[in-house]
Structure formats: structure tokens, C-alpha cells
Amino acid sequence: MLEILKKIPFFSDMPEDDLEKIKSIVIDKKYSKRAHVFSEGQEADGFYFVNSGKVKIFKLSPEGKEHVLHICGAGEMFAEAAMFSGKAYPAYAETIAESSLLFIQKKKFLELIKNDPEISIKMLGALSTKLRKFAATIEDLSLKEVSARLARYLIELADKNKSNKFKLDMKKTDLALKLGTVSETLSRTLKKLKDKGVIDSDKNQITALDMESLNEIANGMKI
């Protein structure tokens, strides 16, 4: 458990004595695929770290349409902002794969950081980084075309894998939701990128052939 806790950005630089304190308030929860984690409006009684699996964070429109805010994979936290900003979770969370989630209880964690202010300082840095990412996501969904959103996503995957050859990290149906579109539009956009020689694709395997063009498309160039 200590090695897992060291992967959490909030705790990565903490000495083992402090990690032992964190360990005492952690609950390891197992979820099957498509399992409900929490609902929008539910009391935010803690935050989560993905040990394995994937979790979809999304909102529902009045018509019931999903708008995916983020897909959290192994090594990522979610719901930590809700713990400080209000009493309720602002979105829904659902697993999209069999998952192991570490749940850190709000009440006990707040007691802990009162006694160790360094933890809260590290948390502020992590939260600010996440807010910038959410701001970029909102801008993409509201102002940019599907091609720009998809190009940005592919660039981020290439950076994450440190290679121009990588696999999509989720099913295309989930990716379409994340990008605020439908599967048919996503497939057409991938085909356009392939036809123009920007990428090559084979099922979920992608090769970015022209990173310069991909960046231009991400910045608004039409295809």
C-alpha cells in the first residue's frame, strides 16, 4: 500500500511515517465494469485514486445526454476538488473497466492536514494543474471543432507515451463522449486524418505521421 500511495501526487514526497498515517484512512474499493461510483449532488465525503482500471467523470444534460469531462486512468486522482469546494460532487463517476480505487475519507483527511500543512500546500499545486486542464477541456468543447479536439487528444497521447506510435486509451464510444461528439463523427474524422496522411490507424493503434499538421489542426486548421 505504501508504494501505491507514493504514486499519488499529493503524497509522493512524504516520508514513510506520514504515509503510514495516510494509509490508516484509506479504503481499497473494488468495482466491476460500468459500476456507479458517485452521483452529481451526492455528498462529497472523500476523494479517489485510481490504482487500476478507468473511471469516467461526466455530467448529464436535461435531455439525459452524457458530457464526459475526464477519463481517469491508473495513477490519477479525482473528486479531490469537490472535497474542498463544496458539500456535493459536481458530476457523476462511473467505471469503464474493472477498477481498484483507493478512497480517502474527507473528515479524517482534513484532520490530518491540519496537523501537517505541507500536505495542503502540495494539494494546492496539484489542484491548480487540474483546473488548467479542465479549463482547456471546456474551451475545446465550446469553441473548437471535433477535428481540433481529436488532434489535441492524439498529441497528448503521443506525449504521454513518448512515441508517435500509441494505442487509444479507451473505446471509441467513450472517446466520442469525451470529445463531445458521436461515434460516427469520430470515425469520419479519424478517416479524414488518415486520408490526408496526418496519421495511420489500425483499429485502436495510431501512428502520428505528421505532428506539425496535427498541431496545426489542434490549433484550429480545418481538414
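Cut-offs used in this document
- Going along each chain's sequence as written, the residues are numbered from 1 onward.
- Restriction of local features to residues with pLDDT of at least 70 applies here, the model being predicted, together with a cutoff of 80 or more for giving and counting side-chain atom pairs; totals for whole chains, interfaces and linings are based on all residues.
- Note that the side-chain values use all heavy atoms of the structure and ignore hydrogens as well as water.
- Exposure is judged per residue with a 1.4 Å probe applied to protein chains only, and the accessible area is read against the type maximum: over 50% gives exposed, under 20% gives buried, and values in between give partly exposed.
- Only runs of H or I of at least four residues qualify as helices and only runs of E of at least two qualify as strands under DSSP, and these elements are numbered from the N terminus.
- As used here, the arc belongs to the directions running from the helix axis to the C-beta atoms.
- Any two strands are treated as partners once DSSP identifies two or more bridges connecting them.
- As a rule, the C-alpha atoms of each element are fitted with a line to give its axis, helices using only the stretch in contact, and angles between N-to-C directions run from 0 to 180 degrees.
- Take the number of residues in a helix, subtract one, and multiply by 1.5 Å to get its expected span.
- Note on contacts: a residue pair qualifies if any of its non-hydrogen atoms lie within 4.5 Å across the two residues.
- For the purposes of these results, a polar contact is taken to be a pair of N or O atoms within 3.5 Å, where, inside protein, one atom must be able to donate a hydrogen and its partner to accept one; residues adjacent in sequence count only when each atom of the pair is a side-chain atom.

Peer 1: Would you explain helix α4 (residues 106-115) in this entry?
Peer 2: Because each turn of an α-helix spans 3.6 residues, side chains separated by three or four positions in sequence point in the same direction. All of the buried residues in α4 are K106, F109, L112 and I113. Along α4, the residues classed as buried sweep out an arc of 125° about the axis, all on the same side. Within α4, the exposed residues directed more than 90 degrees away from the buried face are K107, K114 and N115.

Peer 1: Mind showing me how you'd approach the sheet that holds strand β7 (residues 92-95) here?
Peer 2: Remark on secondary structure: sheet strands pair via backbone hydrogen bonds, oriented parallel or antiparallel. The strand order β2-β7-β4-β5 describes an open sheet built from 4 strands, whose pairing is antiparallel. One side of each edge strand has no neighbouring strand; the edge strands of this open sheet are β2 (36-38) and β5 (66-72). When the angles between neighbouring strand axes are averaged without regard to direction, this sheet yields 30°. With 6 bridges joining them, strand β4 (residues 55-60) and β5 adopt antiparallel strand pairing. Among the inter-strand pairings, K59 is bridged to a residue of β5, identified as H67.

Peer 1: Sorry if this is basic, but what is going on with the environment of A81 here?
Peer 2: Structurally, A81 is set in helix α3 (residues 80-85). Judged by its relative accessible area of 36%, A81 is partly exposed. Taking the C-alpha atoms as reference, A81 lies 9.6 Å from A44; in sequence the two are 37 residues apart.

Peer 1: Got a minute to help me understand helix α8 (residues 183-195) in this structure?
Peer 2: An ideal rise of 1.5 Å per residue puts 18 Å on 13 residues; α8 measures up with 18 Å between its terminal C-alpha atoms. Those residues of α8 lying buried are T185, L186, T189, L190 and L193. Each buried residue of α8 sits inside an arc of 135° when the element is viewed along its axis, so together they form one side. Along α8, the residues that are exposed and aim more than 90 degrees away from the buried face are E184, R188, K191 and D195. The inward-facing, buried residues of α8 abut α6 (146-161), α7 (172-178), β10 (199-202), β11 (205-208) and α9 (211-218). Phi turns positive one or two residues past the end of α8, at G197, with a value near 80°.

Peer 1: I tried to follow the side chain of S99 on my own but got confused; where do I start?
Peer 2: Along the chain, S99 falls in strand β8 (residues 99-105). Take S99: its relative accessible area is 3%, and that puts it in the buried class. Side-chain polar atoms of S99 contact the backbone nitrogen of K54, separated by 3.3 Å. Among the polar contacts made by the side chain of S99, one reaches the main-chain carbonyl oxygen of A97 at a distance of 2.7 Å. If near-sequence neighbours (up to four positions away) are discounted, S99 is found in contact with K29, K30, Y31, S52, G53 and K54.

Peer 1: Just to check I follow, could you spell out the sheet that holds β10 for this structure?
Peer 2: Strand order in the open sheet made by the 3 strands is β9-β11-β10, with antiparallel pairing throughout. Two strands close off the open sheet at either side, each with one partner strand: β9 (165-167) and β10. Each strand of the sheet is rotated relative to its neighbour by a mean of 20°, with strand direction disregarded. One ladder, built from 3 bridges, connects β9 with β11; its direction is antiparallel. Within β11, the position partnered with K165 by the bridge is T207. Contacting β9, β10 and β11, α6 crosses the sheet at an angle of about 105° to β9. This element, α8, spans β10 and β11 of the sheet and lies at about 125° to β10.

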